[in-house]
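In case you want the letters, here they are:
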Amino acid sequence: MTKRIFRSICLVALTVFLASVVLIMGVLYEYFSDVEQEQLKMQTILAAQGVSHEGIAYFHDLTVKDYRISWIDSEGNVIFDSASDTSEMKNHLEREEVREALSSGYGESRRYSATLMERSFYSALKLNDGSILRLSISQNSIFTLLLGMMQPICMIFVIALVLSIALAVQVSKKIVKPLNEIDLDNPLSNEGYDELSPLLRRIDSQQKQLRGQKAELLQKENELNTITGSMNEGMILLNRKGKIISINPAARKLLDADTDCIGTDMLSLCRNLELQEILSKALRGERGENMIRLHGESYQIDADPIISENIVRGAALFFFNVTEKEKAEQLRREFTANVSHELKTPLHSISGYAELLKNDMVKENDKIPFAGKIYDEAGRMIRLVEDIISLSHLDEGANDMQRENIDLYTLAEKAIQSLEPQANTACVALELSGVPAVINGIPQLLYSVIYNLCDNAIKYNRENGKVIVNIRDENGMAVLSVEDTGIGIAHEHQERIFERFYRVDKSHSKAVGGTGLGLSIVKHAAKIHNAKVDINSYVGKGTTVVVAFPE
Ligand code: ADP
């Protein structure tokens, strides 16, 4: 800035100086030339009078000093010349001033010398006898004048230059100082010159606007952080070079990263090939998704390009944990396969027995046992289908079932009553003890919990064994325990018996009419009531299942 001001002032000063010199010299030179020409004319008129009276005698002893006087006859021959020998002089008819004088009586002209260093003024007057008297005088040309004045001009130029420099330094300092001293944080408090006011006002309003925008951005960033911070899904925003702009806590945890990872390359954080593939796809503007395994869990990654004004500005990566979903899918597949298998066996039996009966291949005495077998298998299928329906109902959350306050003891009484025939057949004694315990729950589900546990306790008991059902209140919980003196369950099976269709001894279960779904229904129904199920069992001694319901 200072340099610019300085240069401008020097340039202006120089231009003004040169223009003044040229103008003054030019105007003055022309003015004095005109004066000189006028004087020469007067001299010519005076000399013409002398020549008219005295003829050639006028020139005798004539001292002309700076002037040159020539007398030319009407033919253009020089009769007298004060500067040259007339015999060597050419005809002067073609000279401009002579031609003019011959035609109009008076003529004048100005001519430069060959070197342009001198200029001659000519003035010619026609005498009465037709001859021409010409006077001329030489004058230094403007260039000679300029050369002659070079020294003072140079001096003035140097002085002007020095003054310009001093002025430029002063002015530029004066202009720049308030600019340098502007307090940009408080633009309106500055006391610069008036011309700065619009600029300062503009800076102030822009600063206010910027502060507003910054606050808005900060608020939006906080909002985004709050939202993404509470997300279970991992989210990463990347710029178009694949560098991390934002990463939420879930994604940081997943990739073992800390907050310092902002600005680093995504691929330095996770070198997974599938991730690299969909990321580069997203940065090319195409959406991509893939499955990867991280920390032993399955994640679905969605990579979406962030596009604005048709340009890919970056990408957003989302990590969804689909382990549970995959497990559920696997369970569903297994369940379908198991159901088909479980249904196929009784159906085959029924179909086989029915075929024999249809073809009359059964002896009269065997017909009733055959029909009994068909009846048993059909009963098994019905139980299986009922259990499947109950389970799928529980899978859907059993939302259509009404909750009410119900006494577990009364329910247990009912269940024992309906199981009495089975217990008698199996020679197992059923016992109920304890106190009433009212909980808020779904009666049908609570009944099926007690029924299934007692049913198992009878089925997997020994002859003359016992089943003791107890209802009690323990630490604010309504506790149901079903204890038997049966075959017991080996430790390694205890975890798995709650899985669907899992049986310790398949043939035994089938023999006693089991479906392999009873404990799954118990587990599910307990979960809906926020109850905790514990199992305590010793092979050959017996099993105790305890279900604790919050009251
Ligand atoms: P099931 O219809 O076969 O009885 P459950 O889901 O009710 O199916 O039980 C799963 C398996 O757990 C049974 O097949 C059996 O092997 C074992 N089991 C359940 N309850 C008892 C028990 N009280 N004593 C011994 N084994 C049991």
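In case you missed it, the structure is sitting above this.
Residues numbered from 1 in each chain as written. Predicted model: local features only at pLDDT ≥ 70, side-chain atom pairs only at ≥ 80, totals over all residues. Heavy atoms only, no water.

Caption draft 1: Main features of the packing of aromatic side chains. Under the defined criterion, the tally for this structure stands at nine aromatic pairs. Taking the centre distance of 5.3 Å and the plane angle of 70° together, the rings of Tyr31 and Phe32 count as edge-to-face. Each ring, one from Phe59 and one from Phe80, has its centre 4.2 Å from the other, and the planes form 25°; the classification is stacked. Taken together, the residues span a long stretch of sequence, with Phe59 in the loop between α1 (2-54) and β1 (67-72) and Phe80 in strand β2 (residues 78-81) at a distance of 21 residues. One aromatic cluster is present, formed by Tyr58, Phe59, Trp71 and Phe80 through successive ring pairs. One Lys or Arg, Arg111, reaches over the ring of Tyr122 and ends 4.1 Å from the middle of that ring. The lysine or arginine in question, Arg500, covers the ring of Phe335, its NZ or CZ lying 5.2 Å from the ring centre. (Phe/Tyr/Trp six-rings, centres within 6.5 Å; stacked < 30°, edge-to-face > 60°. Helix = DSSP H or I, 4+ residues; strand = E, 2+ residues; numbered from the N terminus. Lys NZ or Arg CZ within 6 Å of the ring centre and 35° of its normal.)

Caption draft 2: Seen up close, empty space enclosed by the protein. Counted under the stated rule, the structure contains two cavities of 30 Å³ or more. Roughly 40 Å³ of volume is contained in the largest cavity. Together, Glu342, Pro346, Arg380, Leu384, Arg503, Lys510, Gly514 and Thr515 line the largest cavity. Within the lining of the largest cavity, the residues separate by chemical class into two nonpolar, two polar and four charged. Quantified by volume, the second largest cavity comes out at close to 30 Å³. Residue lining of the second largest cavity: Cys10, Ala13, Leu14, Phe157, Ala160, Leu161 and Ser164, and that is the complete set. (1 Å grid on protein atoms, 1.4 Å probe; cavity = no way out; pocket = protein on both sides within 12 Å on 5 of 7 lines; lining within 4 Å. Points joined across faces, edges and corners; volume = space filled by probe spheres on them. Nonpolar A, V, L, I, M, F, W, Y, C, P; charged D, E, K, R; others polar.)

Caption draft 3: The layout of surface pockets, seen in detail. Within this model, the second largest pocket holds a volume of roughly 580 Å³. Leu331, Arg332, Phe335, Glu499 and Arg500 are, among the 18 residues lining the second largest pocket, the residues nearest its centre. Elements supplying a minimum of two residues to the lining of the second largest pocket: α9 (323-358), α10 (367-395) and α15 (518-528). A per-element tally of the lining of the second largest pocket places α9 first, with six residues. Class assignment of the residues belonging to the lining of the second largest pocket gives a composition of seven nonpolar, three polar and eight charged.

Caption draft 4: Structural view of the pattern of salt bridges. Taken as a whole and assessed by the stated rule, the structure comprises 24 salt bridges. Asp204 is paired through a salt bridge with Lys208; the nearest N and O atoms lie 3.2 Å apart. Placement of the pair is Asp204 and Lys208 together in helix α5 (residues 197-229), with a separation of four residues, close to one helical turn. For Asp395, the salt bridge goes to Arg500, with nearest N and O atoms at 2.8 Å. In this pair, Asp395 is assigned in helix α10 and Arg500 in the loop between α13 (491-494) and α14 (506-511), connecting sequence segments 105 residues apart. For Asp395, a relative accessible area of 42% gives the class partly exposed. A single network of salt bridges, built from pairs that share partners, joins Arg287, Glu289, Asp302 and Asp304. (Salt bridge = Lys/Arg side-chain N within 4 Å of Asp/Glu carboxyl O. Buried < 20%, exposed > 50% of the residue type's maximum accessible area, 1.4 Å probe, protein only.)

Caption draft 5: Inspection of the environment of Ser8 at higher detail. Counting through the fold element by element, Ser8 comes out in helix α1. Classification of Ser8 by relative accessible area gives partly exposed; the value is 40%. Sequence separation between Ser8 and Leu145 is 137 residues, and the spatial gap between their C-alpha atoms is 30 Å.

Caption draft 6: Structural context of a negative patch on the surface. Residues Glu38, Glu96, Glu100 and Glu108 make up a contiguous surface patch of negative charge. With respect to the secondary-structure elements, Glu108 resides in strand β3 (residues 106-112). (Patch = residues over 30% accessible without salt bridge, like charges linked within 9 Å, V, L, I, M, F, W, Y side chains within 5 Å. Areas by Shrake-Rupley, 256 points an atom, 1.4 Å probe, with all protein chains shown as cover. Lys, Arg positive; Asp, Glu negative; His and termini not counted. Charge placed at Lys NZ, Arg CZ, Asp CG, Glu CD.)

Caption draft 7: Molecular detail of the nonpolar core. Within the largest apolar cluster, 51 residues are counted, with the highest numbers of intra-cluster contacts made by Leu408, Leu453, Val467, Leu480, Val547 and Phe549. Those residues in contact with Val467 that lie beyond four places of it in its chain are Val428, Ala429, Leu430, Glu431, Ala457, Ile458, Asn461, Val482, Glu483 and Asp484. By size, the runner-up hydrophobic cluster in this structure holds 23 residues, among which are Ile236, Leu238, Ile244 and Ala303. (Core = buried A, V, L, I, M, F, W, Y, C linked by side-chain atoms within 4.5 Å. Contact = heavy atoms within 4.5 Å.)

Caption draft 8: The pairing of strand β16 (residues 532-538), seen in detail. Here β16 pairs with strand β17 (residues 542-550) via seven bridges, running antiparallel. Counterpart to Asn536 in the pairing with β17 is Thr544. As consecutive antiparallel partners, β16 and β17 are separated by three residues, and within that stretch Gly540 has a phi angle of approximately 85°, a positive value. (Pairing = 2+ DSSP bridges.)

Caption draft 9: Highlighting the site of the ligand. The immediate surroundings of the ligand are formed by 20 residues, with Asn456, Tyr460, Ser509, Thr515 and Gly516 found nearest. Lys459 places a side-chain nitrogen or oxygen 3.2 Å from an oxygen atom of the ligand. Summarising the interface, the protein chains cover 96% of the accessible area of the ligand, which totals 530 Å² for the free molecule. Here the residues of the shell around the ligand sort into eight nonpolar, eight polar and four charged. (Near = heavy atom within 4 Å. Polar contact = N/O pair within 3.5 Å; in protein donor to acceptor, adjacent residues only side chain to side chain.)

Caption draft 10: A look at the environment of Val12. With respect to the helices, strands and loops of the structure, Val12 is situated in helix α1. With a relative accessible area of 51%, Val12 lands in the exposed category. With 261 residues separating them along the chain, Val12 and Leu273 place their C-alpha atoms 69 Å apart.

Caption draft 11: Seen up close, the sheet that holds strand β5 (residues 132-140). Overall, antiparallel pairing links the five strands, which are arranged β2-β1-β5-β4-β3 in an open sheet. In this open sheet, the two strands that pair with only one neighbour each are β2 and β3. Here the strands of the sheet are splayed against their neighbours by 20° on average, with no regard to which way each runs. Strand direction decides the pairing type here: strand β4 (residues 118-126) and β5, joined by nine bridges, are antiparallel. Across the sheet, residue Ser120 finds its bridge partner in β5, namely Ser138. Along the sheet face, helix α2 (residues 96-104) touches β1, β3, β4 and β5 and points at about 170° away from the line of β3. (Axes fitted to C-alpha atoms, helices over the stretch in contact; angles between N-to-C directions.)

Note that all results are geometric; they support no functional claim without further evidence.
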